[in-house]
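Secondary and tertiary structure notes
Take a look at the letters that make up each chain.
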Amino acid sequence: MTDSKYFTTTKESALFPDVVNCMQTDNLELKKLVYLYLMNYAKSQPDMAIMAVNTFVKDCEDPNPLIRALAVRTMGCIRVDKITEYLCEPLRKCLKDEDPYVRKTAAVCVAKLHDINAQLVEDQGFLDTLKDLISDSNPMVVANAVAALSEIAESHPSSNLLDLNPQSINKLLTALNECTEWGQIFILDCLANYTPKDDREAQSICERVTPRLSHANSAVVLSAVKVLMKFMEMLSKDLDYYGTLLKKLAPPLVTLLSAEPELQYVALRNINLIVQKRPEILKHEMKVFFVKYNDPIYVKLEKLDIMIRLASQANIAQVLAELKEYATEVDVDFVRKAVRAIGRCAIKVEQSAERCVSTLLDLIQTKVNYVVQEAIVVIKDIFRKYPNKYESVIATLCENLDSLDEPEARAAMIWIVGEYAERIDNADELLESFLEGFHDESTQVQLQLLTAIVKLFLKKPTETQELVQQVLSLATQDSDNPDLRDRGYIYWRLLSTDPVAAKEVVLAEKPLISEETDLIEPTLLDELICYIGTLASVYHKPPSAFVEGGRGVVHKSLPPRTASSESTESPETAPAGAPSGEQPDVIPTQGDLLGDLLNLDLGPPVSGPPLATTSVQMGAVDLLGGGLDSLIGGPNFVAPPAAAVPANLGASMGSGLSDLFDLTSGVGTLSGSYVVPKAVWLPAMKAKGLEISGTFTRQVGSISMDLQLTNKALQVMTDFAIQFNRNSFGLAPAAPLQVHAPLSPNQTVEISLPLNTVGSVMKMEPLNNLQVAVKNNIDVFYFSTLYPLHILFVEDGKMDRQMFLATWKDIPNENEAQFQIRDCPLNAEAVSSRLQGSNIFTVAKRNVEAQDMLYQSLKLTNGIWVLAELRIQPGNPSFTLSLKCRAPEVSQHVYQAYETILKN
């Protein structure tokens, strides 16, 4: 009987009736084996499984609590619809059993039953019984009830099952001290989803959770850290308790680093998030992150990253000494990262830049090939951060030109030569040496070489005429790479038509780079802090990015700060120019991204890229038809052969760029696109009395941001301006923010701000994240919001049937994503009509095996097509949506758009 094969062979399933008869035994060991047999074979013999129902009912009333618990546990594991309803009565009795062991087992059974038949569990009132168990006298029953409710709530995010209040929180905290370690994790995770009503309640909860930091189980420690990190958001930095809490958080995190390497890695990934959010917690613990000789490479790299994040003026000498030591190790990957880390230190701590450059030069002198190449890559970044400061080292770099064989290092060196061509006497010879093997170079090097030679030509036109003509010819005529060709043609046209504009574009002053570019975007960081101790905190991605299936994933966020509390950042790591007390932010660096809105002069908005307009006006102009003469003072420049410029180039460059940025999508019929209700984007307490609510709309091909500004301060507000960060679809204001009269206290004004999609593009996480800065006479305020993707569905998104079929076949199968849309009682006609109102067009419809199949297409403003197959079973409120797209990362957001439109 103990042989495991007994339960995996099919022969014995014929003995099902005989085995079920053995359930009547009083022998506990035998009963366990019979129940184990039942779990394995009930699904393959559902009709016979009903024979076991009477025994379950009888065993649920057995005087032995172990047998009662065993019966209820097995009932939950038998996933057979036919017998589910028979098990409700025994489960109800066990939920109210006098023995806590039975009650805690029954609580988990409710979650299992809910997964099989959610409607039955709700109708039978089991969820209410489960909520009552949170008040149970036994801590393990409480923990299992919380675990079951959390599991059910995850699969039904809209249901407010865990409706926590101060009384129930108090009961959970009481149970916390007496639970097993896994019970404690369930309760702590539940506490993390609660938002205290004020900072006093937050402090009270923190005080009662803090003892869990000394627990032996690392999962309990991380769950406790998650609760404290969330609730600290509500505490004022002026409180003595806030400082005490910071000191208490450091030792448990340090202790986690003495565990085995796998646990260390998980701890380090979580610490990486914590350090980005609150670097002051571990600012005095730099030494624990120094690498040990026997650390695995994955631990070493993670420690290195945290060392950079904690680097400050106070400890930089110590950090640099360590990094220089690491750069002489034998592990090549680790050495590369160490050299990069030295460069990041220079960019982060300005006072250390000179010492870092000196260290890098010492490393270059070692002549170790991969060290030299990494050093050149990071020196390029240092030049970007501190222009005209360390250029004296260029001569040393040029000495190592011949040893560079990695694309990134070659590209970095080419950039340096092109950028400082006027300081390098033989710059043309250096670049010409790269040009000899142009077609063998990687795309990264080719693009950099093209730009560098154009820069050199603009600085020394008379000496490099042949060189620039040669590289333009190689890029446009001999290359198969579309990026390289496009850049070549753009430079060619710029040089031939407007040399002054070419200088302004190619030799424009570059924004200083910032160390903050490798920080996680603030909205995502806040969400990941809510997932400390889970896979999301190890991947540094929200669950929606890696959890498959149609189940809705709730986006978590930190609780709003109280009026007295501020973001927490140590003075050493505050980015230059950021107001004191702001959290480390990717957005507001001077001259970068949003820029400094205080000095913003918002003139009339640009409606489209000037390049597109110019190319339309020029038509099929000869790309070098004498346009360079004014720059080089002579007509000797030879134009390319006519074949190099396709006859329709002017048209294709004009319309192609227009289509790419959707300059022509303003036409269309009046659309009844669904409008999401207004939500508060910026609470008054975070913006010195200015409250901003809003939503997005699309009408007649035009996108608008409908804003409601409310003045809850005691002073008048004037001089409003708005600007967006770079975002995934180039959304930007198409006009200034017009508030025609001063906004008096307690006054509200509604404004519709027209938007276009020709702004700067940068992929955001999540894709539809929009970071906004609003300025008035009081200050500049930043907030993030998620825009619904359907505002980007354009009016000409209906694809021809044949084209649809060909495109569907052409897109790889791995790009197909499938989702479930539940609780939608519409029929196929109503669905098609409602979706068409938001520019999702039905290309074809057919009926297969009593299912309506809708084949649909939509197009985004950036030209991305999404194809859909929607299966609708009449009478069934659940639809199956299959999406195919060449950019599969948009599929999740398109599915959310479908849900939003169909359910509202």
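In the annotation of an unreviewed UniProt entry, the chain is listed under the name Adaptor related protein complex 1 subunit beta 1 and assigned to Ailuropoda melanoleuca. The UniProt entry for the chain carries this comment under Sequence similarities (unreviewed entry): "Belongs to the adaptor complexes large subunit family."

Further remarks concern the overall build of the chain. When you go through the chain residue by residue, the secondary structure sums to 37 helices and 13 strands. Taking all 904 residues of the chain together, the buried fraction comes to 53%. In the chain, of all internal contacts separated by at least 6 residues, the share reaching a separation of at least 24 is 69%. Accessible surface for the chain amounts to roughly 40,200 Å². Of this, 50% is attributable to carbon and sulfur atoms.

Let us look at the nonpolar core. By size, the foremost hydrophobic cluster in this structure holds 203 residues, and its most contacted members are Phe-56, Leu-91, Leu-172, Val-209, Leu-323 and Phe-383. In this structure, Leu-91 is in contact with Val-72, Met-75, Ala-106, Cys-109, Val-110, Leu-113 and Phe-126, ignoring residues within four places of it in sequence. In terms of nonpolar packing, the next biggest core, distinct from the first, is built from 62 residues, Ile-703, Met-717, Ala-868 and Phe-879 among them.

Our next topic: the pattern of salt bridges. Within this structure, the stated rule accounts for 30 salt bridges. A salt bridge links Glu-233 to Arg-278, with the nearest nitrogen and oxygen atoms 2.7 Å apart. Note that Glu-233 is positioned in the loop between helix H15 (218-232) and helix H16 (240-256) and Arg-278 in the loop between helix H17 (261-277) and helix H18 (297-310), a separation of 45 residues in sequence. Assigned by exposure class, Glu-233 and Arg-278 land together as buried. The salt bridge partner of Glu-795 is Arg-698, with a shortest N-O separation of 2.9 Å. Of this pair, Glu-795 sits in the loop between strand S8 (780-786) and helix H35 (801-810) while Arg-698 is found in strand S2 (residues 690-699), placing the two residues 97 residues apart along the sequence. You can call Glu-795 buried: its relative accessible area is 13%. For Arg-698, a relative accessible area of 2% translates into the label buried. Overlapping salt bridges bring together Arg-336, Arg-340, Glu-374, Glu-406 and Glu-408 as one network.

Further remarks concern a negative patch on the surface. Residues Glu-429, Glu-432, Glu-436 and Glu-466 make up a contiguous surface patch of negative charge. With respect to the secondary-structure elements, Glu-429 resides in helix H25 (residues 427-435).

Moving on to the pairing of strand S12 (residues 865-872). Across the 8 residues that make up S12, a large majority, 6, are buried. Pairing of strand S11 (residues 851-859) with S12 involves 8 bridges; the strand directions are antiparallel. Across the sheet, Gln-856 pairs through a bridge with Ala-868, a residue of S12. The turn linking S11 back onto S12 is made up of 5 residues, and Gly-863 within it adopts a positive phi angle of 90°. One ladder, built from 6 bridges, connects S12 with strand S13 (residues 879-885); its direction is antiparallel. By the bridge assignment, Ala-868 is partnered in S13 with Leu-883. As consecutive antiparallel partners, S12 and S13 are separated by 6 residues, and within that stretch Gly-875 has a phi angle of approximately 90°, a positive value.

This paragraph deals with helix H21 (residues 353-365). The end-to-end C-alpha separation of H21 is 19 Å, in line with the 18 Å expected for 13 residues at 1.5 Å each. Taken as a whole, H21 has its buried residues at Ala-353, Cys-356, Val-357, Thr-359, Leu-360, Leu-361, Leu-363 and Ile-364. Its buried side turned inward, H21 meets helix H19 (316-326), helix H20 (332-348), helix H22 (369-385) and helix H23 (394-399). A positive phi of about 65° marks Lys-367, the residue just after H21.

This part covers the sheet that holds strand S4 (residues 721-724). Spatial ordering of the open sheet is given by S4-S7-S8, a layout of 3 strands whose pairing is antiparallel. Edge positions in the sheet fall to S4 and S8, since each of these pairs with one other strand and no more. Each strand of the sheet is rotated relative to its neighbour by a mean of 25°, with strand direction disregarded. Relative to S8, strand S7 (residues 769-775) is paired through 7 bridges, and the arrangement is antiparallel. Residue Leu-770 lies in a different strand from S8, and its bridge partner there is Thr-785.

Analysis parameters
Residues numbered from 1 in each chain as written. Predicted model: local features only at pLDDT ≥ 70, side-chain atom pairs only at ≥ 80, totals over all residues. Heavy atoms only, no water. UniProt positions renumbered as here; feature names shortened; annotations may be inferred. Helix = DSSP H or I, 4+ residues; strand = E, 2+ residues; numbered from the N terminus. Buried < 20%, exposed > 50% of the residue type's maximum accessible area, 1.4 Å probe, protein only. Contact = heavy atoms within 4.5 Å. Areas by Shrake-Rupley, 256 points an atom, 1.4 Å probe, with all protein chains shown as cover. Core = buried A, V, L, I, M, F, W, Y, C linked by side-chain atoms within 4.5 Å. Salt bridge = Lys/Arg side-chain N within 4 Å of Asp/Glu carboxyl O. Patch = residues over 30% accessible without salt bridge, like charges linked within 9 Å, V, L, I, M, F, W, Y side chains within 5 Å. Lys, Arg positive; Asp, Glu negative; His and termini not counted. Charge placed at Lys NZ, Arg CZ, Asp CG, Glu CD. Pairing = 2+ DSSP bridges. Expected span 1.5 Å × (residues − 1). Axes fitted to C-alpha atoms, helices over the stretch in contact; angles between N-to-C directions.

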